[in-house]
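# Remarks on the overall topology
Spelled out, the chains give:
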Amino acid sequence: MTDHRTRFLQLALDAQALRFGEFTLKSGRTSPYFFNAGRFDSGAALAGLAGCYADAIEAAGLEFDVLFGPAYKGIPLATALACEFARRGRDLPVAFNRKEAKAHGEGGQLIGAPLDGRRVLVVDDVITAGTAIREALAIIGGAGGTVAGIVIALDRQEIVGEPPADSTVPRRSAAETVADEHGLPVVAVARLDDLLAFAGGRSELAAQRDALMAYRRAYGSATGG
């Protein structure tokens, strides 16, 4: 496992952004773990997280001109990442959207740097059903930008909807579905596979691994086992 993945998972544990137990997800599933990027709620935590994002992006070799953070969690993530790239010597423009278009003042749905004619990297926490990402892609396209890729913190490698009854039907994750639909690279700082390896290497997390493996067998995509 690469260093940025290990760092990210440890940061997530320290910030209690990654927790273990029994959690009911929006899908109705009972998950043995839960990730909430909103718990990276201090300057130090966000700076550490941004460093992990930047390392993952650089390792993937993505080429882009501007960062875009979908409302709401993507906004601080894209902002912190812009600060991290500036620290590394690259001053990137950043933009984000409002949930509701503003009718007065400058108006519109976008805040920050213009997207027209630029390659845009979307920065978010996770992809679940993919709805929020599709909305972001539509906003960027409507503003004249070209989406260069999507970067997320954690890929749960989990299928959308119920597992197919036919074992020959591919089990595709939400991230894979979005990537295939739009022909875009989706980069994750870490994936469920990384979390399993991370848990297996730490005695204090070893008891969580069986529950994680069982959940992956039930709901994992083909790439998630």
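Residues numbered from 1 in each chain as written. Predicted model: local features only at pLDDT ≥ 70, side-chain atom pairs only at ≥ 80, totals over all residues. Heavy atoms only, no water.

Using the following cut-off: UniProt positions are given in the numbering used here, feature names are shortened, and annotations may be inferred rather than shown by experiment.
As annotated in an unreviewed UniProt entry, the protein chain carries the name Orotate phosphoribosyltransferase and comes from Novilysobacter selenitireducens. The record held by UniProt for the protein chain lists under Cofactor (unreviewed entry) the comment "Mg(2+)". Taken verbatim from the UniProt record of the protein chain, the Catalytic activity (unreviewed entry) comment is "orotidine 5'-phosphate + diphosphate = orotate + 5-phospho-alpha-D-ribose 1-diphosphate".

### Concerning the packing of aromatic side chains
Which entries qualify depends on this criterion: Side-chain rings of Phe, Tyr and Trp, where Trp is taken by its six-membered ring, are said to pair if the distance between their centres is within 6.5 Å; with planes under 30 degrees apart they count as stacked, over 60 as edge-to-face, and otherwise as tilted. Geometrically, a charge over a ring is one whose NZ (Lys) or CZ (Arg) sits within 6 Å of the ring centre while staying within 35 degrees of the ring normal.
In this structure the tally under the stated criterion is five aromatic pairs. In textbook terms, an aromatic cluster arises when at least three aromatic residues are bridged by ring pairs, as seen for Phe8, Phe35 and Phe40. When the ring centre of Phe64 is taken as origin, the NZ or CZ atom of Arg90, which lies over that ring, is 4.7 Å away. Above the face of the Tyr33 ring, Arg156 is positioned so that its terminal group lies 4.2 Å from the ring centre.

### Details of the state of the cysteines
To keep things clear, this is the line we draw: To count as a disulfide, a pair of cysteine sulfur atoms needs to be within 2.5 Å.
The tally for this structure, following the rule as stated, stands at zero disulfides. Not engaged in a disulfide, the cysteine Cys52 finds its nearest cysteine sulfur in Cys83; these two sulfurs lie 16 Å apart.

### Some thoughts on the pattern of salt bridges
As a reminder, the rule being used: Salt bridge criterion: a side-chain nitrogen from Lys or Arg within 4 Å of a carboxyl oxygen from Asp or Glu. Helix and strand definitions here come from DSSP, where helices need a minimum of 4 consecutive H or I residues and strands a minimum of 2 consecutive E residues; each element is numbered from the N-terminal end. Buried means the residue's accessible area, taken with a 1.4 Å probe over protein chains only, is under 20% of the maximum for its type, while exposed means over 50%, and partly exposed covers the values in between.
Scanning the model with the defined rule gives 16 salt bridges in all. Between Arg5 and Asp194 there is a salt bridge, with the nearest N and O atoms lying 3.6 Å from each other. Here the residue Arg5 occupies a position in helix H1 (residues 3-14), and Asp194 occupies one in helix H6 (residues 192-200), the gap between them amounting to 189 residues. Its relative accessible area of 27% is what places Arg5 among the partly exposed residues. Between Asp55 and Arg88 there is a salt bridge, with the nearest N and O atoms lying 2.8 Å from each other. Highlighted residues: Asp55 in helix H2 (residues 43-60) and Arg88 in the loop between helix H3 (74-87) and strand S4 (94-102), separated in sequence by 33 residues. Assessed through its relative accessible area of 22%, Asp55 is described here as partly exposed. Here the salt bridges share partners, and the residues they tie into one network are Asp3, Arg7, Asp55, Glu58, Glu84, Arg87 and Arg88.

### Examining the pairing of strand S3 (residues 66-69)
Counted only if it meets this: In this description, strands pair whenever DSSP reports at least two bridges between them.
In S3, alternate side chains face the same way, and those of Val66 and Phe68 on one face and Leu67 and Gly69 on the other are all buried. Pairing of S3 with strand S6 (residues 119-123), which is carried by three bridges, proceeds in the parallel orientation. Residue pairing in the sheet places Leu67 in a bridge with Leu121 of S6.

### Considerations on H1
Note the threshold: Helix span is expected to be 1.5 Å times the residue number reduced by one. Here, the arc refers to the directions that run from the helix axis to the C-beta atoms. Contact definition: two residues touch when any of their heavy atoms are within 4.5 Å.
For H1, which comprises twelve residues, the first-to-last C-alpha distance of 16 Å matches the rise-based estimate of 16 Å (1.5 Å per residue) to within 8%. The set of residues buried in H1 consists of His4, Phe8, Leu9 and Ala12. Take H1 and look down its axis: the buried residues cluster within an arc of 130°, on one side only. Summarising the geometry of H1, the exposed residues directed more than 90 degrees from the buried face are Asp3 and Asp14. Among the structural elements, strand S1 (18-24), strand S2 (30-35), H2, strand S7 (146-155), strand S8 (186-191) and H6 are those in contact with the buried residues of H1.

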